[in-house]
Amino acid sequence: QVHLVESGGGWVQAGGSLTLSCVASTSTFGHYAVGWFRQTPGKEREFVAASTWNAYNTVYADSVKGRFTISRDNVKNTLYLQMNSLKPEDTAVYYCAAKNSGSYYYVDRHEYDYWGQGTQVTVSS
């Protein structure tokens, strides 16, 4: 069992930046593919960004491309999401996820084995 703990959410004005972190409880974090998803009330959890085990291959949702950056530090067992030029429509609970198969990245939330508890991001206009 792998536990993921997100942090870094909060309130920010439109145009601002936030960096989310996700710490994994496993020392084999470097073997995992990882992703970020977000969810608003009444909607399904949607894909934001994903990475292979070494972050050499990443993918982004069109809505965040060019503004968000996914990265990871496998020594610290930590995943990051740098969010710039934030918009009110980015307001959501953000979740990190991990899959014990690091060679590919995954955009389908059903592929992931482990999830964090979520961190709220609120962007005001």
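Now for a quick tour of the structure. (Residues numbered from 1 in each chain as written. Predicted model: local features only at pLDDT ≥ 70, side-chain atom pairs only at ≥ 80, totals over all residues. Heavy atoms only, no water.)

**Overview of the sheet that holds strand β7 (residues 68–73)**
And then number 1: Taking strand neighbours across the sheet as the criterion, the four strands line up as β1-β3-β8-β7 in an open arrangement whose pairing is antiparallel. At either margin of the open sheet sits one strand with a lone partner, and together these are β1 (4–7) and β7. Here the average twist between neighbouring strands, direction ignored, is 15°.
And then number 2: Relative to strand β8 (residues 78–83), strand β3 (residues 18–24) runs antiparallel, the two being bridged by six bridges. (Pairing = 2+ DSSP bridges. Helix = DSSP H or I, 4+ residues; strand = E, 2+ residues; numbered from the N terminus. Axes fitted to C-alpha atoms, helices over the stretch in contact; angles between N-to-C directions.)

**Some words on the packing of aromatic side chains**
And then number 1: One pass over the structure, following the stated rule, counts six aromatic pairs.
And then number 2: Considering the side-chain rings of Phe37 and Phe47, the 5.7 Å spacing of their centres and the 75° angle between planes classify their relative orientation as edge-to-face. Of this pair, Phe37 sits in strand β4 (residues 33–39) while Phe47 sits in strand β5 (residues 46–51), placing them ten residues apart in sequence.
And then number 3: Aromatic rings pair up to connect Phe37, Phe47, Tyr106, Tyr112 and Trp115 into one cluster.
And then number 4: One residue, Arg45, lies across the ring of Trp115, its end atom 4.9 Å from the ring centre.
And then number 5: The ring of Tyr106 has Lys99 lying over it, and the distance from NZ or CZ to the ring centre is 5.2 Å. (Phe/Tyr/Trp six-rings, centres within 6.5 Å; stacked < 30°, edge-to-face > 60°. Lys NZ or Arg CZ within 6 Å of the ring centre and 35° of its normal.)

**Regarding the nonpolar core**
And then number 1: Ranked by size, the top nonpolar core spans 37 residues in total, and within it Trp36, Leu81, Met83 and Tyr94 carry the most contacts.
And then number 2: Breaking this core down by element, the ones donating at least two residues are β3, β4, β5, β6 (58–60), β7, β8, β9 (92–99) and β11 (119–124).
And then number 3: Broken down by element, this core gets its largest block of residues, five residues, from β9.
And then number 4: Here Tyr94 is in contact with Glu6, Leu20, Phe37, Arg38, Val48, Phe68, Leu81, Met83, Gly118, Thr119 and Val121, once residues within four sequence places are set aside. (Core = buried A, V, L, I, M, F, W, Y, C linked by side-chain atoms within 4.5 Å. Buried < 20%, exposed > 50% of the residue type's maximum accessible area, 1.4 Å probe, protein only. Contact = heavy atoms within 4.5 Å.)

**As for the environment of Gln82**
And then number 1: By secondary structure assignment, the location of Gln82 is in strand β8.
And then number 2: Taking relative accessible area as the criterion, Gln82 reaches 26% and is therefore assigned partly exposed.
And then number 3: Excluding anything up to four places from it in sequence, Gln82 contacts Ser17, Leu18, Thr19, Arg67, Phe68 and Thr69.
And then number 4: Only 2.4 Å separates the side chain of Gln82 from the side chain of Thr19, close enough to count as a polar contact.
And then number 5: A polar contact is formed between the side chain of Gln82 and the side chain of Asn84, at a distance of 2.7 Å. (Polar contact = N/O pair within 3.5 Å; in protein donor to acceptor, adjacent residues only side chain to side chain.)

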